[in-house]
Amino acid sequence: MTQSALFDRVSALLKAQVGPDVFASWFGRLKLHSMSKSVVRLSVPTTFLKSWINNRYLDQITTLFQQEDAEILKVEIVVRSAMRGTRAPIEAELTVGDAATSAPAATAARRNAAQGLGQSIGQQATAALPAAAKLPVATPLFGSPLDPRYSFASFVEGSSNRVALAAAKTIAEAGAGAVRFNPLFIHSSVGLGKTHLLQAIAIAAIQSPRASRVVYLTAEYFMWRFATAIRDNDALSLKETLRNIDLLVIDDMQFLQGKSIQHEFCHLLNMLLDSAKQVVVAADRAPWELESLDPRVRSRLQGGVAIEMDGPDYEMRLEILKRRLDVAREEDPSLDIPADILSHVARSITASGRELEGAFNQLLFRMSFEPQLSIERVDELLGHLVNAGEPRRVRIEDIQRVVAKHYNVSRQELVSNRRTRVIVKPRQIAMYLAKTLTPRSFPEIGRRFGGRDHTTVLHAVRKIEDLISGDTKLSHEIELLKRLINE
Ligand SMILES: Nc1ncnc2c1ncn2[C@@H]1O[C@H](COP(=O)(O)OP(=O)(O)OP(=O)(O)O)[C@@H](O)[C@H]1O
């Protein structure tokens, strides 16, 4: 087999094991760099991808190469120099056609009004910020105003957002011209901190000594702005402004609608990506799930790195509340919420950061005239927020992580071909939990467990069901695992 045929074969096996989504996120830009008799070098475009693959997938990739060629001893990941686009920047001519109707514009206007955003286009974003934010007025920006409270300093890190936060900070610190993973696509269900993180990137990039030219927009604002520019015959100057930016941050991508607006967005995206300008996008679903998007936009968005954020666990929720209180106390030192009430709220309000924020605001307001709130009274006041929102989605990765940790094996072993007893039982338990805690099908679970056949999953689920019915110790163990997974 030639070297490149071997690489293609291993790539195909890896794709089957990790599933097409994970493969597209992390291995879409993996290339064969060089190969000696015993060492394979693979290259990726960024140090972030290198350390990500090294930490999580290197053993799996090494095993696959060794299965194909027993002489291979080692696989190394190296970073190739930053990839610049090969296509010339697209000189987009505006097609008025079915320009965004008044509907998105009206929605954008409503949304902006709801957020108290009265800023006119062309005004510098900093003008909308309170003086306390101290953002340097370095370059003209346009777009939605930034909220200075949404900074990296106030963003609480935890296992559910660690990767997204690391990627966000890397981009914000990289500054103009130093493009990283492009585009960075952050997704999560509602209220889990996407807007906060995106604004933190924009704020930090503006504040950086390199003073990159940053535009932060919601998709609705983009639609409204383009529709207005088309109506006012001003589209060329708008495009000229956007062409000269270093960082485009765009929120709520799922709302981008309208054929010609998507066409414009596609031009902008191509132009920025091809000239190695950083783009950061957030949405409530993964890029491949954005069904209403033009396939060209979707495919371009899938070409970078997609990272999912999950809901905050108890420690994170408590920390979010504490930081909120610190900020409130900076303005009014007499404010306070007792520690037992804070931890009670963090324990009860599990839906999302947004419910937590609502709970915090209500508490602060109530305590100004009911300073001695009891826990019972807190429950009464916040009852509607307890378990509000959608139930948290359990991910197969979380199940694998919790089960692997509990049985002291690695996640890679769990999805590997190894058939020793110490691994087979945790693997079967993890498959059983994946079937009972997620809506995934048997074939999908099989794919996520190293490309196994659906009958293997079916067998595992039946086996664990049988064991549970006669083994109370195991059934308690499984209940404990379920609690840990849902935490
Ligand atoms: N990790 C976190 N640290 C601090 N605050 C957080 C964190 N996660 C969420 N929040 C807070 O929760 C609230 C909701 O977050 P945000 O608006 O960023 O969510 P979102 O994912 O953009 O939601 P949507 O999908 O509805 O736009 C905000 O007040 C935000 O500051």
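Values in this document were obtained by computation on a predicted structure and should not be read as measured data.

### Some words on the site of the ligand
At step 1: Taken together, 19 residues surround the ligand, and among them Val156, Gly191, Thr195, His196 and Arg354 come closest.
At step 2: Taking Asn161, its side chain carries an N or O atom lying 3.4 Å from a nitrogen atom of the ligand.
At step 3: Within the complex, the protein chains bury 94% of what would otherwise be the 630 Å² of accessible surface of the ligand.
At step 4: Breaking the shell around the ligand down by element, the ones donating at least two residues are α7 (194-207), α12 (314-331) and α14 (353-367).
At step 5: Residue composition of the shell around the ligand, grouped by class: six nonpolar, eight polar and five charged.
At step 6: Both domains that furnish three or more residues to the shell around the ligand are identified here as domain 2 (102-308) and domain 3 (314-385).

### Quick word on the pairing of strand β5 (residues 214-218)
Side chains on a regular strand alternate between the two faces of the sheet.
At step 1: Of all the five residues making up β5, five are buried; the element is thus mostly covered by neighbouring parts of the structure.
At step 2: Where burial is concerned, the two faces of β5 agree: the one with Val214, Tyr216 and Thr218 and the one with Val215 and Leu217 are both buried.
At step 3: Judged from the five bridges that link them, β5 and strand β6 (residues 247-251) form a sheet pairing that is parallel. The residue bridging Tyr216 from the neighbouring strand is Val249, located in β6.

### Regarding the sheet that holds strand β3 (residues 74-79)
At step 1: Here three strands make up an open sheet; going across it, the order is β1-β2-β3 and the pairing mixed. Only two strands of the sheet have a single partner each, and these edge strands are β1 (31-35) and β3. In this sheet, neighbouring strand axes are inclined to one another by 30° on average, regardless of whether the strands run parallel or antiparallel.
At step 2: One ladder, built from six bridges, connects strand β2 (residues 39-44) with β3; its direction is parallel. Paired with Leu42 across the strands is Ile77, a residue of β3.
At step 3: The strands that helix α1 (residues 3-18) touches are β1 and β2; relative to β1, the one it contacts most, it runs at about 135°.

### What about α1?
At step 1: For α1, built from 16 residues, the straight-helix expectation of 22 Å at 1.5 Å per residue is met to within 8% by its first-to-last C-alpha distance of 22 Å.
At step 2: Listing the buried residues of α1 in full gives Leu6, Phe7, Val10, Ser11, Leu14, Gln17 and Val18. The arc that holds every buried residue of α1, seen down its axis, measures 135°, which confines them to one face.
At step 3: Positive backbone phi, at 90°, marks Gly19, one or two positions downstream of α1.

### As for the sheet that holds strand β4 (residues 184-187)
One key point about sheets: their strands pair by backbone hydrogen bonds, in either a parallel or an antiparallel sense.
At step 1: Strand order in the open sheet made by the five strands is β5-β6-β7-β4-β8, with parallel pairing throughout. Every other strand in the sheet has two partners, leaving β5 and β8 (305-308) as the edge strands with one partner each. Strand-to-strand twist in this sheet, taken as the mean axis angle between neighbours without regard to direction, amounts to 15°.
At step 2: Of the strands in this sheet, β5 and β6 touch helix α8 (residues 219-231), which is tilted by about 95° from β5.

Criteria and cut-off values
- Residues numbered from 1 in each chain as written.
- Predicted model: local features only at pLDDT ≥ 70, side-chain atom pairs only at ≥ 80, totals over all residues.
- Heavy atoms only, no water.
- Near = heavy atom within 4 Å.
- Polar contact = N/O pair within 3.5 Å; in protein donor to acceptor, adjacent residues only side chain to side chain.
- Areas by Shrake-Rupley, 256 points an atom, 1.4 Å probe, with all protein chains shown as cover.
- Helix = DSSP H or I, 4+ residues; strand = E, 2+ residues; numbered from the N terminus.
- Nonpolar A, V, L, I, M, F, W, Y, C, P; charged D, E, K, R; others polar.
- Domains from an automatic or database assignment.
- Buried < 20%, exposed > 50% of the residue type's maximum accessible area, 1.4 Å probe, protein only.
- Pairing = 2+ DSSP bridges.
- Axes fitted to C-alpha atoms, helices over the stretch in contact; angles between N-to-C directions.
- Contact = heavy atoms within 4.5 Å.
- Expected span 1.5 Å × (residues − 1).
- Arc of directions from axis to C-beta.

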